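The lines below spell out each chain.
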Amino acid sequence: MAFKPERFLSNNYGNGGGAEGFDITGSREIKMMPFGVGRRICPGFALALLHLEYFVANLVWAFEWRAIEGDNVDLSEKQEFTIVMKNPLHAIVCPRLK
Ligand code: HEM
């Protein structure tokens, strides 16, 4: 298992697009299924993804994110009920606009 965010870059949600695209709907292969797969797949998944993109974009736009000095970003994982960060990430978050 490795942290490779670029795997999501060519996501076409399984509806056509590049043959190498990451398929979140599980119609070609199942790698990750946050919305379920098959006939009962979440019908709101496109709306949810759009909303999440908007949400993250707003967090980046509205706040400045900095790592705590001397605190190295460590992406190691450990298994709990789900996979979590072994060493939780601490960030200093400051509003960009006053
Ligand atoms: C991040 C947001 C969301 C996640 C992670 C999520 C995830 C899921 C999952 C895992 C299922 C079950 C699929 C299955 O039974 O195989 C589901 C079902 C469903 N979701 Fe979502 N969902 C999200 C947002 C939404 C939104 C925004 C809507 C509506 C606007 C929605 C409407 C539904 C409905 C109606 C079902 C039932 C589908 C059925 O049983 O046929 N979901 N969702």
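None of these values were measured; they are calculated from a predicted model.

Visitor: I tried to follow the overall build of the chain on my own but got confused; where do I start?
Guide: Scanning the chain for helices and strands turns up one helix and four strands. Sequence-ordered secondary structure for the chain, helices as α and strands as β, is α-β-β-β-β. When burial is assessed residue by residue, the chain has 11% of its 98 residues classed as buried. Within the chain, residue pairs in contact and separated by at least 24 positions form 34% of the contacts whose partners lie at least 6 positions apart. For the chain, the accessible area works out to roughly 8300 Å², and carbon and sulfur atoms hold 61% of it.

Visitor: Please clarify how the UniProt feature "binding site: heme" (unreviewed entry) in the chain should be interpreted in this entry.
Guide: UniProt tags C42 as "binding site: heme" (unreviewed entry). Given a relative accessible area of 28%, C42 falls into the partly exposed group.

Visitor: Would you explain the domain arrangement of the chain in this entry?
Guide: A common way to report how large an interface is uses the accessible area buried once the components associate. Here the chain is partitioned into domain 1 (1-30) and domain 2 (39-98). With five residues of domain 1 at the contact, the number on the domain 2 side is five residues. If you look at where domain 1 meets domain 2, you find zero salt bridges. Here domain 1 is connected to domain 2 by zero residue pairs in polar contact (both at pLDDT 80 or more).

Visitor: Just checking my understanding: could you explain the packing of aromatic side chains for this structure?
Guide: Where two aromatic rings form a pair, the distance of their centres and the angle of their planes describe that pair. In total, this model carries one aromatic pair according to the counting rule given. Measuring from ring centre to ring centre gives 6.0 Å for F35 and F45, while their planes differ by 45°; the resulting arrangement is tilted. Of this pair, F35 sits in the segment before α1 (45-62) while F45 sits in helix α1; the two residues are ten residues apart in sequence, bridging distant segments of the chain. Accessibility classification places F35 together with F45 in one group, the buried group.

Visitor: Even after reading the chapter, I still don't get the site of the ligand, so can you show me in this structure?
Guide: Taken together, P34, F35, G36, R40, C42, P43, G44, L47 and A48 make up the full set of residues adjacent to the ligand. Taking R40, its side chain carries an N or O atom lying 2.7 Å from an oxygen atom of the ligand. Per-class residue counts for the shell around the ligand are six nonpolar, two polar and one charged.

What counts and what doesn't
- Residues numbered from 1 in each chain as written.
- Predicted model: local features only at pLDDT ≥ 70, side-chain atom pairs only at ≥ 80, totals over all residues.
- Heavy atoms only, no water.
- Helix = DSSP H or I, 4+ residues; strand = E, 2+ residues; numbered from the N terminus.
- Buried < 20%, exposed > 50% of the residue type's maximum accessible area, 1.4 Å probe, protein only.
- Contact = heavy atoms within 4.5 Å.
- Areas by Shrake-Rupley, 256 points an atom, 1.4 Å probe, with all protein chains shown as cover.
- UniProt positions renumbered as here; feature names shortened; annotations may be inferred.
- Domains from an automatic or database assignment.
- Salt bridge = Lys/Arg side-chain N within 4 Å of Asp/Glu carboxyl O.
- Polar contact = N/O pair within 3.5 Å; in protein donor to acceptor, adjacent residues only side chain to side chain.
- Phe/Tyr/Trp six-rings, centres within 6.5 Å; stacked < 30°, edge-to-face > 60°.
- Near = heavy atom within 4 Å.
- Nonpolar A, V, L, I, M, F, W, Y, C, P; charged D, E, K, R; others polar.

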